[in-house]
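What the coordinates show
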Amino acid sequence: ARKSADEAQEQRLVQNLARIRHQVLVLSGKGGVGKSTVAVNLAVALAFAGKRVGLLDIDIHGPSVPTMLGLVEAATPLSKDSLVPVEIGSLKVMSIGFLLRDRNQAVIWRGPMKMGVIRQFLAEVEWGDLDYLIVDAPPGTGDEPLAICQLLGQPDGAILVTTPQEVALAAVRRSVAFCRQLSLPVLGVVENMSGFACPKCGAVTDIFTAGGGEAMAAAMGVPFLGRIPLDPAVGADCDTGHPFIHHHATTPAAQAFARLAAPILALDPTTATATIPANTNPNARDNHTMKIAIPTAAGKLCPHFGHCEQFTLLEMDEQAKRITGQQLLTPPPHEPGALPRWLHQQGATVIIAGGMGARAQGLFAEKGIAVVVGAPADTPENLAAAYLAGILVSGNNLCDH
Ligand code: ADP
């Protein structure tokens, strides 16, 4: 009888996973670096972009997802042989925290029990059809993350969260090695708690030596997904259950979370239903084509719009959410009004910039060209993907030259 129960569970696991298009693990080398914070905000960003998302919290020793989403009082309806996730819009959430009667209870799990509960969460939760399952995995490189990878079969990959301190960087190097051993693609490294975002002016000041995550990612040959500053509002929101990205959409930390979602959204280009402003520009060849111009220096957005030596012009298929053409152009010599005129001639329908003077903004508006200011110094591809996904919104004008 035991054997057939195991077989039945195995079968349910396979059936459940077959209905999930993409699986992404959020891992960290050590605890307390913001892994759950990243998992929650990523899941919310994907749900905002119109995806059907599941968020599974199997951080057995410290399930914090219920607190972060304000679901502490939520109970999981327990049917006889399945677990029903808690739904918030298009986001379905399951956490080991829902099953603990007393949230201050310390759980002492023996190894086989941990494996059992992880297996149960994948096999017996009614996830239904999902575009993404985001898994908040236990920290480290031990049995539990190993079990999840093996049970999932072929996850799309892992996002590794670290902080700038050397202990955390050493731990995340081990996570990269762990992923390699399991042939689990590393989707990228995020450096969290990287600098301090001033709540008054938004300026970011480094506290620990920042940039270690980026250097580490480069040295190990894995993508770097960006830095998220320490922001007191992130901590407060985690405690009160308001997903940060939603409540503070224009802060540097929220924009960093949003950028993190762009490469994950790119895994699933076909079903996105992002809201894109109506295109009224006669330059648009048809309803599905847009041209995004981004001032560029050394492969990344250059914050000084008027003094940029090159512009990347990306031709995008709005429906298929993909880049169909790309050019690097040199603008005419600097003189007032020259750039808007020239970019209009190039067929631009959207400008993504760090900052821009009021006069140029007015000239673009007259020509029906949409302008996004306050964009971070990221690659044109990432910025365009974030724009198409509806998660890059105008923030503070970074510079008005
Ligand atoms: P982990 O899952 O790695 O253990 P958590 O996501 O639970 O880490 O984060 C640990 C604590 O740090 C939480 O209280 C969270 O609110 C806080 N925190 C995480 N990232 C930030 C940030 N960028 N700014 C401020 N506080 C943060």
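Residues numbered from 1 in each chain as written. Predicted model: local features only at pLDDT ≥ 70, side-chain atom pairs only at ≥ 80, totals over all residues. Heavy atoms only, no water.

Although it is not a glycine, Ser 183 adopts a positive phi angle of roughly 55 degrees. Locating Ser 183 in the fold gives a position in the loop between α7 (166–181) and β7 (186–197). Notably, Ala 298 is not glycine yet its phi reads approximately 50 degrees, a positive angle. Considering the arrangement of structural elements, one finds Ala 298 in the loop between β10 (289–297) and β11 (300–301). (Helix = DSSP H or I, 4+ residues; strand = E, 2+ residues; numbered from the N terminus.)

With that out of the way, let us pick up the site of the ligand. The local shell around the ligand holds 18 residues, among which Gly 32, Lys 35, Ser 36, Thr 37 and Asn 192 are the closest. A distance of 3.0 Å separates an oxygen atom of the ligand from a polar atom in the backbone of Val 33. Separating a nitrogen atom of the ligand from a backbone N or O atom of Pro 229 is a distance of 2.9 Å. For the ligand, whose free accessible area comes to 570 Å², the fraction covered by protein is 80%. For the shell around the ligand, a count of residues per class yields eight nonpolar, eight polar and two charged. (Near = heavy atom within 4 Å. Polar contact = N/O pair within 3.5 Å; in protein donor to acceptor, adjacent residues only side chain to side chain. Areas by Shrake-Rupley, 256 points an atom, 1.4 Å probe, with all protein chains shown as cover. Nonpolar A, V, L, I, M, F, W, Y, C, P; charged D, E, K, R; others polar.)

Before going further, it helps to examine the packing of aromatic side chains. Under the criterion given, the structure shown has three aromatic pairs. When the ring of Phe 305 is compared with that of Phe 311, the centres are 5.6 Å apart and the planes differ by 85 degrees; the resulting orientation is edge-to-face. Neither residue differs from the other here; Phe 305 and Phe 311 are each classed as buried. Taking 5.8 Å as the distance between ring centres and 80 degrees as the angle between the ring planes, the aromatic pair formed by Phe 305 and Phe 364 counts as edge-to-face. Of this pair, Phe 305 sits in the loop between β11 and β12 (310–317) while Phe 364 is found in helix α13 (residues 358–366), placing the two residues 59 residues apart along the sequence. Taken individually, Phe 305 and Phe 364 each receive the classification buried, so the pair is uniform in this respect. (Phe/Tyr/Trp six-rings, centres within 6.5 Å; stacked < 30°, edge-to-face > 60°. Buried < 20%, exposed > 50% of the residue type's maximum accessible area, 1.4 Å probe, protein only.)

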